[in-house]
Each structure stands twice: as C-alpha cells, then as structure tokens.
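Descriptive structure summary
Spelled out, the chains give:
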Amino acid sequence: FLRQHVPDHLEIIGSGVRLITANAWMTYHSECRLFDVINIRVNTANLKPASLELIFTFLKKATGEMVGRGGEKLTFAMNGQLIHIPQSIRQNAERFLTDSAPEVVEMELKTKSR
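The following paragraphs examine the structure supplied in this document. Since this is a predicted model, take the numbers as computed values, not measurements.

Take the overall build of the protein chain next. If you tally the helices and strands in the protein chain, you get three helices and six strands. Helices (α) and strands (β) of the protein chain occur, in sequence order from the N terminus, as α-α-β-β-β-β-β-α-β. Within the protein chain, buried positions represent 36% of all 114 residues. Put simply, of all contacts in the protein chain between residues at least 6 apart along the chain, 65% involve residues at least 24 apart. A total of about 7,100 Å² of accessible surface is found on the protein chain, and carbon and sulfur atoms cover 53% of it.

Within helix H3 (residues 87–94), burial applies to Ser-88, Ile-89, Arg-90, Asn-92 and Ala-93. Looking at the buried positions of H3, the neighbouring elements they touch are helix H1 (2–5), helix H2 (9–14), strand S2 (37–45), strand S3 (51–60) and strand S4 (66–78).

A separate point is unusual backbone geometry. Non-glycine residue Phe-35 carries a positive phi angle of around 75°. As for its position among the elements, Phe-35 is in the loop between strand S1 (18–28) and S2. A relative accessible area of 56% places Phe-35 in the exposed class.

About the thresholds
Residues numbered from 1 in each chain as written. Predicted model: local features only at pLDDT ≥ 70, side-chain atom pairs only at ≥ 80, totals over all residues. Heavy atoms only, no water. Helix = DSSP H or I, 4+ residues; strand = E, 2+ residues; numbered from the N terminus. Buried < 20%, exposed > 50% of the residue type's maximum accessible area, 1.4 Å probe, protein only. Contact = heavy atoms within 4.5 Å. Areas by Shrake-Rupley, 256 points an atom, 1.4 Å probe, with all protein chains shown as cover.

What follows is the structure, given as structure tokens:
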C-alpha cells in the first residue's frame, strides 16, 4: 500500500516514523491452488488521528471468488511516542475508504493449497 500509493513513503520512514501493527486477523473462505493468481483489494477503515485499519480482500483472478479476508490495525510512532498519522499517508488512506477502491496488488500464489 505504501509503496504504490504514498509517493513519499521512503522520506516518512527515513524521518524516523515507525509503523506498528497493533492487531492483525485473517479469515479463509475457500481454498487456493498452486499457481492461482490472486488479486488483493485494499480498503481502509476506522481512520482515526493516530491509527487506521487496512482491510484486505483476496480474490481469485480467474473467477472473482473471494478466498479470504483479513485486516491490520496500524499505529504510528516516532522516538518511542505515538504520533498522528503522517498527512500524506492519511490523504492517500482516505481514497480507500469505499468498496470501490482500486486494486492494489496482483500476485501469484506460490505455495501449496492450505
């Protein structure tokens, strides 16, 4: 998400801002097979001054079938103290608050089915 949608992500991280995973979860809905191409749709939720959630929906490219859904709550810190979300991250996260958010990543699943 940062690499593709926050142009100044390297400067933010280089300035000492740390991203902290406060919570993460994953629910599997159906099985994937070796070499299935999986699209990952990213949305944001619960955007607060110092935290946000990234919601991941995993879809089989060939069929559009949802194979899983997960999420990650991120907080931000600098010098050991929680800080507000950096402005450019917040602005880009706001674009992903709806179900019509653009597809972010396409990858090939390279492991055996679970």
